Number of protein chains: 2
Amino acid sequence: MLRIVPARPATPTLYDVAREAGVSLATASRALNGSARRVREDSRVKVLAAAERLGYSTNAPAQAFARGGSTSIFLVVSDITDPFFAAIAAGAMRRAGSDGRLVLMGVTERDPARELDMVRTARRQRPAAIVLAGSRRHPDRTRAALLGELDAFEAGGGRVVAIGQDSLPYARVSFDHAGSGRDLAAAVAGLGYRRPLVLAGPAELQIARERVRGLADGFETAGIPLSGDRVVSGGFGRDDGEATMRDLLRAGVEADLVVAVNDVMAIGALAALREAGVGVPDRMGVAGFDDIAPSRDAAPALTTVRLPLEEAGSTRSSSPSATRSTRGCGSARRC
Amino acid sequence: MLRIVPARPATPTLYDVAREAGVSLATASRALNGSARRVREDSRVKVLAAAERLGYSTNAPAQAFARGGSTSIFLVVSDITDPFFAAIAAGAMRRAGSDGRLVLMGVTERDPARELDMVRTARRQRPAAIVLAGSRRHPDRTRAALLGELDAFEAGGGRVVAIGQDSLPYARVSFDHAGSGRDLAAAVAGLGYRRPLVLAGPAELQIARERVRGLADGFETAGIPLSGDRVVSGGFGRDDGEATMRDLLRAGVEADLVVAVNDVMAIGALAALREAGVGVPDRMGVAGFDDIAPSRDAAPALTTVRLPLEEAGSTRSSSPSATRSTRGCGSARRC
DNA sequence: TTGTAGGCGTTATCAA
DNA sequence: TTGATAACGCCTACAA
């Protein structure tokens, strides 16, 4: 008689391991994952051997389900190719790895609607924490919906952490943007620059506004009032920095220094200056914020304010402690 | 009489939604996730309204568990701050997003042991596919274990894709490194360079070896035999490129061109040349592979071979089709 | 079109 | 220390 053997799923389950090891399901579970290790050594060995023999792999979704949650961290970033966010992500993953956690990641591409969407997706995964790294805009249309999701997540026992977004009512890792701006202004003023120009980025971006505010404060203190026409709005990316700078050069602005509200923009501005044949730093200095990795290779050197991005990504708890630090300039002459 | 209200988990379940909507569990399930939409419009509306009212969020682990798997993609990369991998990741996430999938990510930090570990972690998540982006080394000690895991994963119905690692017996997205090397050699020879030096990276790295082989071929064809002493081994990172170049300069090598096996190293070499006051590209040209984003801002410009990284990350199926393309040089004089 | 009921793999409770 | 067994939240035949 030919019996049809049911096409058992090729992946063995804990049940298979238990049977193979000659113990109960409970014992197998405890041996492989149990926290309170109250399993006799010899049966532990049996179970492990059986698991090995069968090529057993824990079914994490099932486990998370049974436990009512996982230990994963869901990280929401704007754009993973932006060194700023890559550094944060690297920090988070390094930390998670050493904690035996998994990092799930979603990108928003700087679109608030997609951000909301990613948070919904994140919530569905039932992670231990949702970490938001991005930047809020001023008229924040999706804010209510976002807070609704996040509050519900916290109500369910989840943890929410906002990196660099102090306007969110959750645990946060914050950067003192205004303070960094003041420091940077003081530093460049100390280097002798007198006619600064500020590439301010988008007016709606809080991070950009705070940095500009800090710069204005700092220059003011140094006796260099920053009039409104010296602060130019524009986009927040590399190409935006290049375009804005190019426009300014074409318009014939006078300045001995350009400060962009982030390094990426500063690098763009550098390209525009190079193209226009304006000597840096002789005829014009260039400065930015963040001290991202590529800034190190910007030639000529950039003056930049360092932000502890990797640390931010790897910070576990997060009292609203402002962190900032400045960094000296590279090898360029006046910096 | 005071009754203790059981502390119900704050997150409502599908069961709660069904009750709230006055329908059965099955109907609620079908209305919210069902594929074959055979739910009457009015009850569909009732369910959606109830879900909205309760702030219901699907329990993805439970769903994945019940369905016996998820649609997620697990991406394993060496280092997310490396623009090379960031580009691949961005491509994968973009694609996944438009497919309504989630990307789980793990980093190996170029450590084979950690890679094996990440693959195990990946398998536990029961994703639809595991995508490996990295580079294999030659004496590949973990290979057997790795293949064991991946084979088991495929046996369980999963899909494995290797990006840029043709030695793995799975679906792959491959780059024609040797071809790129030939192209690059031909291009720079055409620009008039005659005394090339190659920063070859680690001898164990297959990707590096193939590129070097292509370069040697190409130079040979151009009548510029590449003797062994013109090919210098070293690390694969930016700092390695800088260090190797610095050593070479100190040793007084003669050359009119340096070709690094990747842009990151080339950028490092550029830093060493700048430091040593060697004019680029007048006294020495610099070339690399990958055409990563920061290369665009390398000053002076780099000659580089473009690789379709984002496309690679977003490629769904993957016949072993080799893809390559070259790119012209930037604004520098001789390139 | 809707509801009932069994099952998915693991954990956790409670006896033995 | 171990073993039954009942959840856990959702999906899906199967029946109604």
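Residues numbered from 1 in each chain as written. Chains lettered and ligands numbered in written order. Predicted model: local features only at pLDDT ≥ 70, side-chain atom pairs only at ≥ 80, totals over all residues. Heavy atoms only, no water.

## A short note on the overall build of chain A
Logical step 1: From N to C terminus, chain A includes twelve helices and eleven strands.
Logical step 2: Over its C-alpha atoms chain A spans a radius of gyration of 26 Å, topping by over 25% the 20 Å that the globule rule assigns to 335 residues.
Logical step 3: Reported as C-alpha extents along the three principal axes, the dimensions of chain A are approximately 95 × 40 × 40 Å.
Logical step 4: Considering chain A as a whole, with its 335 residues, one finds that 52% of them fall into the buried category.
Logical step 5: Accessible surface computed for chain A: about 15000 Å², of which carbon and sulfur atoms make up 51%. (Helix = DSSP H or I, 4+ residues; strand = E, 2+ residues; numbered from the N terminus. Rg over C-alpha atoms; globule rule 2.2 N^0.38 Å. Buried < 20%, exposed > 50% of the residue type's maximum accessible area, 1.4 Å probe, protein only. Areas by Shrake-Rupley, 256 points an atom, 1.4 Å probe, with all protein chains shown as cover.)

## A look at the relation of the copies chain B and chain A
One chain copy maps onto the other through a rotation about an axis and a shift parallel to that axis.
Logical step 1: Between the two copies, chain B and chain A, the superposition gives an RMSD of 0.1 Å; the rotation angle is 180° and the shift along the axis is 0.1 Å. Such a combination of turn and shift is consistent with a two-fold rotation axis.
Logical step 2: The fraction of interface residues of chain B whose copies in chain A are also interface residues reaches 100%, indicating that both copies meet through the same surface. (Least-squares fit on C-alpha atoms with pLDDT ≥ 70 in both. Contact = heavy atoms within 4.5 Å.)

## Structural notes on the domain arrangement of chain A
Logical step 1: Splitting chain A by domain gives domain 1 (14–58), domain 2 (70–173) and domain 3 (177–307).
Logical step 2: With centres defined by C-alpha atoms, the gap from domain 1 of chain A to domain 3 of chain A works out at 61 Å. (Domains from an automatic or database assignment.)

## What to know about the protein's contact with DNA strand D
Logical step 1: Around DNA strand D, the structure places 23 residues, and the nearest of them are Thr-27 and Ser-43 of chain A together with Leu-14, Tyr-56 and Gln-63 of chain B.
Logical step 2: When atoms of DNA strand D within 4 Å of the protein are split into backbone and base, the sugar-phosphate part holds 64%.
Logical step 3: Here a phosphate oxygen of DNA strand D and a side-chain polar atom of Ser-43 of chain A are 2.7 Å apart.
Logical step 4: With respect to DNA strand D, the side chain of Gln-63 of chain B contributes an N or O atom lying 2.4 Å from a phosphate oxygen.
Logical step 5: Looking at the surface near DNA strand D, the elements with two or more residues in it are helix 2 (25–32) and helix 4 (60–67) of chain A together with helix 2 (25–32) and helix 4 (60–67) of chain B.
Logical step 6: In terms of residue count, the dominant contributor to the surface near DNA strand D is helix 4 of chain B (five residues).
Logical step 7: Here the residues of the surface near DNA strand D are counted per class, giving eleven nonpolar, eight polar and four charged. (Near = heavy atom within 4 Å. Polar contact = N/O pair within 3.5 Å; in protein donor to acceptor, adjacent residues only side chain to side chain. Nonpolar A, V, L, I, M, F, W, Y, C, P; charged D, E, K, R; others polar.)

## A word on unusual backbone geometry
Logical step 1: Across the junction of Val-280 of chain A and Pro-281 of chain A, the peptide omega takes the value 5°, indicating a cis bond.
Logical step 2: Tracing the chain through its elements places Pro-281 of chain A in the loop between helix 11 (263–276) and strand 9 (285–290).
Logical step 3: Of note in the backbone geometry, Glu-109 of chain A takes a positive phi value of approximately 50° without being a glycine.
Logical step 4: Structurally, Glu-109 of chain A can be placed in the loop between strand 2 (103–107) and helix 6 (112–124).
Logical step 5: The backbone of Asp-291 of chain B sits at a positive phi, close to 55°, despite the residue not being glycine.
Logical step 6: With respect to the helices and strands, the residue Asp-291 of chain B is situated in the loop between strand 9 (285–290) and strand 10 (303–306).

## Points about the packing of aromatic side chains
Aromatic ring pairs: the centre-centre distance and the angle between the two ring planes describe each pair.
Residues and elements named next belong to chain A.
Logical step 1: Overall, the coordinates contain three aromatic pairs over all chains when judged by the stated rule.
Logical step 2: Each ring, one from Phe-84 and one from Phe-85, has its centre 5.0 Å from the other, and the planes form 80°; the classification is edge-to-face. Taken individually, Phe-84 and Phe-85 each receive the classification buried, so the pair is uniform in this respect. (Phe/Tyr/Trp six-rings, centres within 6.5 Å; stacked < 30°, edge-to-face > 60°.)

## What to know about the interface of chain B and chain A
Logical step 1: In this assembly, 44 residues from chain B lie in contact with 44 residues from chain A.
Logical step 2: Between chain B and chain A, roughly 3800 Å² of surface is buried when both sides are summed, and carbon and sulfur atoms account for 60% of that area.
Logical step 3: The largest contributions to the chain B side of the interface with chain A come from Leu-102, Arg-126 and Asp-297 of chain B, which together make up 15% of the buried area.
Logical step 4: When the shortest N-O distance is used, the salt bridge between Glu-242 of chain A and Arg-296 of chain B registers 3.8 Å.
Logical step 5: The interface formed by chain B and chain A holds twelve residue pairs in polar contact (both at pLDDT 80 or more) in total.
Logical step 6: For the side of chain B that touches chain A, the secondary-structure elements that each account for two or more residues are helix 4, helix 5 (83–98), strand 2 (103–107), helix 6 (112–124), helix 10 (238–250) and helix 11 (263–276) of chain B.
Logical step 7: Counting residues per element, the side of chain B that touches chain A draws most heavily on helix 5 of chain B, at six residues.
Logical step 8: Across three bridges, the pairing between strand 2 of chain A and strand 2 of chain B is antiparallel. Across the sheet, residue Met-105 of chain A finds its bridge partner in strand 2 of chain B, namely Val-103 of chain B. (Buried area = accessible area lost by both parts, 1.4 Å probe. Salt bridge = Lys/Arg side-chain N within 4 Å of Asp/Glu carboxyl O. Pairing = 2+ DSSP bridges.)

## Digging into the side chain of Ser-57 of chain A
Logical step 1: One can find Ser-57 of chain A in the loop between helix 3 (41–54) and helix 4.
Logical step 2: By relative accessible area, Ser-57 of chain A is classed as buried at 6%.
Logical step 3: Sequence-distant contacts of Ser-57 of chain A, defined by excluding residues within four places in its chain, comprise Arg-123, Arg-124 and Arg-126 of chain B.

## As for helix 5 (residues 83–98) of chain A
Residues and elements named next belong to chain A.
Logical step 1: End to end, helix 5 covers 22 Å across 16 residues, agreeing with the expected 22 Å (1.5 Å per residue, within 8%).
Logical step 2: For helix 5, every residue scored as buried is listed here: Phe-84, Phe-85, Ala-86, Ala-87, Ile-88, Ala-89, Ala-90, Gly-91, Ala-92, Met-93 and Ala-96.
Logical step 3: Capping the start of helix 5 is the job of one residue whose side-chain oxygen sits 2.8 Å from the backbone nitrogen of Phe-84: Asp-82.
Logical step 4: Two residues or fewer after helix 5 comes Gly-100, characterised by a positive phi angle close to 70°. (Expected span 1.5 Å × (residues − 1).)

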